[in-house]
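# Structure assessment
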Amino acid sequence: MAIAKVAVIGCGLMGSGIAEICAKAGLKTVVREVSEDFLKKGAERIQASLAKAMQRAIEKEKQDPTQAQMAMAQALGCLQFTTRLEDCKDADLVIEAIIEDKTQKQDLFKQLDALCKPGAIICTNTSNISITELGAVTKRADKFAGLHFFNPVPVMKLVEVIKGVLTSDATLSELKGFAEKVGKTSIIAKDTCGFVVNVLLVPYLFDAIRLVENGVASIRDIDTGMKLGCGYPMGPLELLDFVGIDTTYHISVNMFEEFKSDRYAAPPLLKKMHLAGLHGRKTGKGFYDYTDPKNPVPMKLV
């Protein structure tokens, strides 16, 4: 089956990014949100991102202004925005990118399974919930898989393709081809909580938080140390703010439940920040205060 039409369920940071790369690849893309307000915000986010990409292409002389404008117009022309789940029924591939809540995801997949055509592949963008468990609520577990993108989706080159217990090799092959078409490099992982990247990344992030808790170094010095000492493009505390303190906390709950290892236990400071609503860039405050986005200032947290 050639994937020609994609449906993206959810138009938040991840969903809008996934929809953008699909449209830029020339795929007909239906974007569904639960309300007109969320849909409008997602559409505006996609348009702003495409405009920035157009400007970068012109500045780097990859395209002249006319070519860049045409490319943006073609991408926008591939997008359809809707609040109706029924508008996704003809998609060859459906990618779920809603809240990291197992029950909500399962409810959605039951609806999609009944709605979508028999040959359609259904994927979840979850970063840590069991693919096998999510796919078990459908009657197409062989055509169900994980497709885990990284934020910001238009920039990050990796996608993890996750094989559930019943995911077929044919489905994996289709998804690897899709990843290549939208400009991503794919890696295959088994259905283990956290897959590849988060299994390695989360303990590193939590160790950085513990350094803050123990007063070993300042927030900025920890970030500077990892950027200049290890060549990372972003320090661990900057990255936490970018990913979202709330998102990381929920990931930690699932990973600790799965592995029962202190490596994945949320540090007390992370939980306190989550409860206080200090979720990072999305709320304007996390490990840094983003009142001036161009000059974030470290917060006094301990």
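This report concerns the structure included in the present document. Bear in mind that the values here come from a model prediction, so they are computed numbers and not experimental data.

## A short note on the packing of helix H7 (residues 197–213) against helix H9 (residues 236–243)
- Between H7 and H9, the least distance of the axes is 9 Å, while the angle of their chain directions is 115°. Between H7 and H9, the crossing angle belongs to the class labelled roughly perpendicular. In this structure, the crossing between H7 and H9 has a hand that is left-handed. Contacts between H7 and H9 involve Leu201, Tyr204, Leu205, Ala208, Ile209 and Val212 on the former and, on the latter, Pro236, Leu237, Leu239 and Leu240.

## A few points about the nonpolar core
- Membership of the largest hydrophobic core comes to 36 residues, with the highest contact counts inside it found for Val6, Leu93, Leu147, Phe149 and Phe178.
- With six residues, the single largest contributor to this core is helix H1 (residues 13–24).
- Leaving out residues up to four positions away in the same chain, Leu93 has contacts with Ile3, Lys5, Val6, Ala7, Ile121, Cys123, Leu175 and Phe178.

## Some words on the environment of Gln104
- With respect to the helices and strands, Gln104 occurs in helix H4 (residues 102–115).
- Once you skip the residues sitting within four places of it in the chain, Gln104 turns out to touch Ile98 and Ile99.

## Focus on a positive patch on the surface
- A surface patch of like charges, here positive, comprises Lys52, Arg56, Lys60, Lys62 and Lys157.
- Along the chain, the position of Lys52 falls in helix H2 (residues 36–59).
- The exposure class of Lys52 is exposed, given its relative accessible area of 56%.

## Topic: the environment of Arg210
- Counting through the fold element by element, Arg210 comes out in helix H7.
- Expressed as a C-alpha distance, the spacing of Arg210 and Gln55, which sit 155 residues apart in the sequence, is 40 Å.
- Those residues in contact with Arg210 that sit more than four places away from it in its chain are Asp262, Ala265 and Pro267.

## A look at the side chain of Asp289
- Mapped onto the elements, Asp289 comes out in strand E9 (residues 288–289).
- For Asp289, which is buried and forms no salt bridge, the nearest opposite charge comes from Lys285, at a distance of 4.1 Å.
- A distance of 2.5 Å separates the side chain of Asp289 from the side chain of Thr291, its partner in a polar contact.
- Residues contacting Asp289, with those up to four places away along its chain left out, are Gly284, Pro296, Val297 and Met299.

## Things to note about the sheet that holds strand E7 (residues 158–163)
- An order of E3-E2-E1-E4-E5-E6-E7-E8 is seen for the eight strands of this open sheet, with the pairing classed as mixed. On the outer flanks of this sheet lie strand E3 (79–82) and strand E8 (185–190), each paired with one strand and no other. Strand-to-strand twist in this sheet, taken as the mean axis angle between neighbours without regard to direction, amounts to 25°.
- Across four bridges, strand E1 (residues 5–9) lies against strand E4 (residues 93–96) in parallel orientation.

Basis of the calculations
Residues numbered from 1 in each chain as written. Predicted model: local features only at pLDDT ≥ 70, side-chain atom pairs only at ≥ 80, totals over all residues. Heavy atoms only, no water. Axes fitted to C-alpha atoms, helices over the stretch in contact; angles between N-to-C directions. Helix = DSSP H or I, 4+ residues; strand = E, 2+ residues; numbered from the N terminus. Parallel < 35°, antiparallel > 145°, perpendicular 65-115°, else oblique. Left-handed = near helix turned anticlockwise from the far one by under 90°. Contact = heavy atoms within 4.5 Å. Core = buried A, V, L, I, M, F, W, Y, C linked by side-chain atoms within 4.5 Å. Buried < 20%, exposed > 50% of the residue type's maximum accessible area, 1.4 Å probe, protein only. Patch = residues over 30% accessible without salt bridge, like charges linked within 9 Å, V, L, I, M, F, W, Y side chains within 5 Å. Areas by Shrake-Rupley, 256 points an atom, 1.4 Å probe, with all protein chains shown as cover. Salt bridge = Lys/Arg side-chain N within 4 Å of Asp/Glu carboxyl O. Lys, Arg positive; Asp, Glu negative; His and termini not counted. Charge placed at Lys NZ, Arg CZ, Asp CG, Glu CD. Polar contact = N/O pair within 3.5 Å; in protein donor to acceptor, adjacent residues only side chain to side chain. Pairing = 2+ DSSP bridges.

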